[in-house]
Amino acid sequence: MKRKLFKQVCSEWRTNIWLALELFVVSVVMWYIVDYFYVKLSVFSQPRGFDTEHCYRLSFNNVTDKNPAYIPDRSEQEQSDDIREILSRLSHLPFVEEASLSINSHPYNTSNSGISVYRDSLNTEGYVVRRVVTPDFVKVFRYEGIDGESPEELAEILSRGEWLVSGLRFNRKDIDQKDLVGTEFFIAGDTLNAYRVGGAVRLVRYDDFNEWGSSVIASPQEDWYAYASECCIRVRPEEDKDVQRRLMDMSESLFHVGNNLLVNVTSFEEVKRRFQQGSYNTFRDMSFMLGFLLLNIFLGLFGTFWFRTQQKASEIAIRKSLGATRGDIFRRLLGEGLLLLLIVTPLALGTDCLLAIHEFNSYYDGGFLSLTRLLATSGISAALITLMIVAGVLFPAYSAMRLDPAETLKDE
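A brief structural summary. (Residues numbered from 1 in each chain as written. Predicted model: local features only at pLDDT ≥ 70, side-chain atom pairs only at ≥ 80, totals over all residues. Heavy atoms only, no water.)

### Things to note about the overall build of the chain
Right, so step 1: Per the secondary structure count, the chain includes 12 helices and 13 strands.
Right, so step 2: Summarising the internal contacts of the chain: among those between residues at least 6 apart in sequence, 80% fall at separations of at least 24.
Right, so step 3: If you sum the accessible surface of the chain, you get close to 21,600 Å²; carbon and sulfur atoms cover 57% of it. (Helix = DSSP H or I, 4+ residues; strand = E, 2+ residues; numbered from the N terminus. Contact = heavy atoms within 4.5 Å. Areas by Shrake-Rupley, 256 points an atom, 1.4 Å probe, with all protein chains shown as cover.)

Encoded structure:
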């Protein structure tokens, strides 16, 4: 049966070669579509390295000199003391679990501080985010160490003035994050001060749609508190209700320290939504576009196999006259399409690998292609195309098999 089918496909090569070319193009395009969603969904489902549930950001502004409570000529040290006092008052609220200060550091941040670090001939590649935070920051967002260190243990490392590192990429690929613990690094442009790495944390991703997270986490110097623009808190789960109103009600009485005044409280659900709105919109638009493309591919294959099956009405009638069952006929017609798909699949896989080598698809998990990713995306693509072929053969074949052979062959 298989040999006869192969001979028939070869004998009809003039028509089959165009169908094979169509299946080849469709296979490559389908793989690219599946690979895009595979990467996006895989990245989105990965651990983020932080937890923003029950977390809020507090925004403070300086009162102007028109305010009766304005204090003129406030020194930098006094401003730092004011910020520390605010942090202390927040920490003592019964519904607040943890409170921290930071500079360009909290998750879903539109501002970043970038550095490059090095030691001897070892230096980081690309952009490294420097997160300047008070030790309790890692407890607010529940960072975890690579070796299972708790947020409390990581906070102790920061309180000693040591660095935490996450996902650093170097000019050497054999460097493990654990190997960095206990070593000292310099910041590019500062050859006088060496900074000791006290711990490595699990990858802290930049956002939900990006697996990149090269960063160092350090405690601020004494004179930086006056410039700590981010105040973040974690509230107790059972107390996470109406938090914004409760804090704003305390604004004048509790959170007006020096010239600082609490003016806004934003949940991190809202911070995340605002930061990632562009990514959400892009993913939604791509989903509609690729869905429309899939529909066109389906209709193209469906129409091709419908027309092909209709052309074989006379052949179907002859086979029925010779005793072939409906199942035999359907398997024969379906087998032709699947055999052509099987023939072009190795060529399509080669083209897919070529696209990956030249980086036309998405970067994921340390590279542009892996065996697991190739097998998964190719299998899904082949399954989708097979379903389209089955649908394209099933309905016209069913209609053709209902025809009376004598009626079909009367003009022959």
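### Section: the environment of Arg48
Right, so step 1: Here Arg48 lies in the loop between helix H2 (13-45) and strand E1 (55-62).
Right, so step 2: There is a polar contact of 3.2 Å between the side chain of Arg48 and the backbone oxygen of Phe44. (Polar contact = N/O pair within 3.5 Å; in protein donor to acceptor, adjacent residues only side chain to side chain.)

### Quick word on the packing of aromatic side chains
Right, so step 1: Under the defined criterion, the tally for this structure stands at 15 aromatic pairs.
Right, so step 2: Residues Tyr108 and Phe275 carry aromatic rings whose centres are separated by 6.2 Å and whose planes lie at 55° to one another, so their mutual orientation is tilted. Here Phe275 lies in helix H8 (residues 268-311) and Tyr108 lies in the loop between strand E2 (96-103) and strand E3 (114-115), a separation of 167 residues in the sequence.
Right, so step 3: We classify Phe275 as partly exposed; its relative accessible area is 21%.
Right, so step 4: Ring centres 6.1 Å apart and planes at 25° place the aromatic pair Tyr127 and Trp212 in the stacked group. Here Tyr127, found in the loop between strand E5 (122-123) and strand E6 (128-133), pairs with Trp212, found in the loop between strand E9 (190-200) and strand E10 (215-218); they are 85 residues apart in sequence, far enough to count as distant.
Right, so step 5: Of the residues examined, Tyr127 reaches a relative accessible area of 40% and is grouped as partly exposed.
Right, so step 6: Site record: aromatic cluster; members linked through ring pairs are Phe50, Tyr108, Tyr127, Tyr206, Trp212 and Phe275.
Right, so step 7: In this structure, Arg48 packs its charged tip against the face of Phe44, placed 5.0 Å from the ring centre. (Phe/Tyr/Trp six-rings, centres within 6.5 Å; stacked < 30°, edge-to-face > 60°. Buried < 20%, exposed > 50% of the residue type's maximum accessible area, 1.4 Å probe, protein only. Lys NZ or Arg CZ within 6 Å of the ring centre and 35° of its normal.)

### Quick look at the environment of Val204
Right, so step 1: Relative to the helices and strands, Val204 resides in the loop between E9 and E10.
Right, so step 2: Those residues in contact with Val204 that sit more than four places away from it in its chain are Arg48, Gly49, Phe50, Arg131, Tyr143, Ser166, Trp212 and Gly213.

### Observations concerning the pairing of strand E8 (residues 184-187)
Right, so step 1: Burial along E8 is one-sided: the face carrying Phe185 and Ile187 is buried and the face carrying Glu184 and Phe186 is not.
Right, so step 2: The pairing of strand E4 (residues 117-119) with E8 spans two bridges and is antiparallel. Within the sheet, the bridge partner assigned to Tyr118 lies in E8 and is Phe186.
Right, so step 3: Pairing geometry for E8 and E9, over four bridges, is antiparallel. Looking at the pairing, Phe185 lines up with Tyr195 of E9.
Right, so step 4: Connecting E8 to the antiparallel partner E9 that follows it, the hairpin turn spans two residues, and Gly189 within it adopts a positive phi of roughly 95°. (Pairing = 2+ DSSP bridges.)

### Regarding unusual backbone geometry
Right, so step 1: Here Asp73, not a glycine, exhibits a phi torsion of approximately 55°, which is positive.
Right, so step 2: Residue placement: Asp73 occurs in the loop between E1 and helix H3 (76-91).
Right, so step 3: Despite not being glycine, Tyr108 has its phi angle at roughly 55°, a positive value.
Right, so step 4: Taking the relative accessible area as the measure of exposure, Tyr108 reaches 3% and is therefore buried.

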